Amino acid sequence: MTPRSIPWQGPAIIHACAANADWGQLLLLTVDGGLHGVNLDSGQTCALAQLKLPEPKPSNPYWHRGFAVHVAVSGDFAAVVDDGGSFGVLVNLRDGKLQATLHGGDYHPDTVPFSIAFTQHQGRDVLIHRTDWCQLDVMDCASGANLTQRDELGHKQKHDLDYFHGGLQLSPSGAQILDDGWVWAPVAIPVVWSVQAWLNGNLWESEDGPTRKALAQGEDWSVATIWLDEDRVAIWNIANWDDEGFGDCGHAPGVTVFDIHAPKPEEGVGGRMWPMPGLPQARHLHCMGSTLVVVGEGQSWLWNVNTRELLAHWSDFAPQCLQRQRGELLQWSAQEIRLTSSLLGL
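Values in this document were obtained by computation on a predicted structure and should not be read as measured data.

A. How the structure looks around the overall build of the protein chain. Helix and strand content of the protein chain: 2 helices and 27 strands. Summarising its shape, the C-alpha atoms of the protein chain cover approximately 55 × 45 × 40 Å along the three principal directions. Within the protein chain, buried positions represent 54% of all 346 residues. Long-range contacts, defined as pairs at least 24 residues apart, comprise 45% of the intrachain contacts of the protein chain with a sequence gap of at least 6. For the protein chain, the exposed surface amounts to about 15300 Å²; the carbon and sulfur share of it is 49%. The positive charge centre, built from 21 side chains, and the negative charge centre, built from 40, are 4 Å apart in the protein chain.

Dropping the structure here:
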């Protein structure tokens, strides 16, 4: 496999995300605050917005901080957030104007990425975003309306949630959401719940609704995660949490696959371990059909989800995102975009 290369001549790329819009299939965030669309067929680019961003909070030994960009399903809006910080903005990509300012809360934001995800509700773009360490809200992108305005979220109130929201990831259809957060000991507790139940009736679904379910208690959060389909989540190397400490936690490389409908474990990790001997720490996971891509430092491995067979090892390609409609894996660096041929049909 020889990736195709698209050179970038503008200011250095600091983050990018896959898109499916009339302006292109990749959205770039550059060091000067620029947002640029890229057509992956022609290699042509277009300037969509120019932001004035503050200095990102400095990284620490536990979390590499910096700005990240996310794009709405329609391609009409984008969010730029400080991962590990509190700052964020919502931008209208049709006119390049600031749509809203976001704030993720000031209580230990350096322990998690900025909790954020786009989806659609009743045909409109909505943004799920953290408004405090223990609270998520949903904004209508066009109107700015808070679709989950609710009371009784104070300390020791009925729906009080003692949980640090982490990275958010929607299932392929957008019906379910995975929250890779944690609670004090500290313990990683990835949870899932129904987005439809949340937006169609129970405003407290993300706090204590009937569809909210903890998948595991583990040692590490903010690890590589992916939805394999609507019913299964794969989490990299989530080791068992030991009440006596972490001495018995295992760290064999591989993923644990969780059926979100299976009974909840009383403690420790449920799910089924899928060992991947010899692999380094995964930075990203991607899934397209029956193909799981495990991305390490500078390299990646392709696996068959059904047979658990190793299909390929790419020693010089480490894609950060997947353009799902085209089935293309994308790797970006400061001055270059590299992409594979389509995984569709594998």
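B. Empty space enclosed by the protein, seen in detail. Applying the stated rule across the entire model yields 1 cavity of 30 Å³ or more. Roughly 40 Å³ of volume is contained in the largest cavity. What lines the largest cavity is Gly104, Gly105, Tyr107, His108, Pro109, Val112, Arg130, Trp133, Phe164 and His165. Looking at side-chain class alone, the lining of the largest cavity contains 5 nonpolar, 4 polar and 1 charged residues.

C. View of the pattern of salt bridges. For the structure on display, the rule yields 9 salt bridges. Between Arg124 and Asp140 there is a salt bridge, with its nearest N and O atoms 2.6 Å apart. Taken as a pair, Arg124 in strand 11 (residues 124–132) and Asp140 in strand 12 (residues 135–140) lie far apart in primary sequence, 16 residues in all. Residue Asp140 is classed as buried on the basis of its relative accessible area, which comes to 7%. Between Arg232 and Asp229 there is a salt bridge whose closest N-O contact spans 2.9 Å. For Asp229, a relative accessible area of 24% puts it in the partly exposed group. A single salt-bridge network, built from bridges that share partners, covers Asp22, Asp76 and Arg94.

D. How the structure looks around the confidence of the model for the protein chain. In this model, the protein chain carries an average pLDDT of 90, and 90% of its residues clear a pLDDT of 70 or more. Note that residues 243–249 has pLDDT below 50 and, in this model, 10 contacts with residues that lie over four places away or in other chains.

E. A look at the pairing of strand 21 (residues 284–288). For strand 21, the buried fraction is high: 4 of the 5 residues fall into the buried class. Examined bridge by bridge, strand 21 and strand 22 (residues 291–296) share 5 bridges and lie antiparallel to one another. Of the residues in strand 22, the one forming a bridge with His284 is Val295. Hairpin connection of strand 21 to strand 22: 2 residues between the antiparallel strands, including Gly289 at a positive phi of 65°.

F. Local environment of the pairing of strand 22. Judged by how many residues are buried, strand 22 sits mostly within the fold: 6 of 6 residues are covered. With burial as the criterion, each face of strand 22 is covered, one bearing Thr291, Val293 and Val295 and the other bearing Leu292, Val294 and Gly296. The pairing of strand 22 with strand 23 (residues 299–304) spans 6 bridges and is antiparallel. Counterpart to Val294 in the pairing with strand 23 is Trp301.

Reading guide: rules and limits
- Residues numbered from 1 in each chain as written.
- Predicted model: local features only at pLDDT ≥ 70, side-chain atom pairs only at ≥ 80, totals over all residues.
- Heavy atoms only, no water.
- Helix = DSSP H or I, 4+ residues; strand = E, 2+ residues; numbered from the N terminus.
- Buried < 20%, exposed > 50% of the residue type's maximum accessible area, 1.4 Å probe, protein only.
- Contact = heavy atoms within 4.5 Å.
- Areas by Shrake-Rupley, 256 points an atom, 1.4 Å probe, with all protein chains shown as cover.
- Lys, Arg positive; Asp, Glu negative; His and termini not counted.
- Charge placed at Lys NZ, Arg CZ, Asp CG, Glu CD.
- 1 Å grid on protein atoms, 1.4 Å probe; cavity = no way out; pocket = protein on both sides within 12 Å on 5 of 7 lines; lining within 4 Å.
- Points joined across faces, edges and corners; volume = space filled by probe spheres on them.
- Nonpolar A, V, L, I, M, F, W, Y, C, P; charged D, E, K, R; others polar.
- Salt bridge = Lys/Arg side-chain N within 4 Å of Asp/Glu carboxyl O.
- pLDDT = per-residue confidence, 0-100.
- Pairing = 2+ DSSP bridges.

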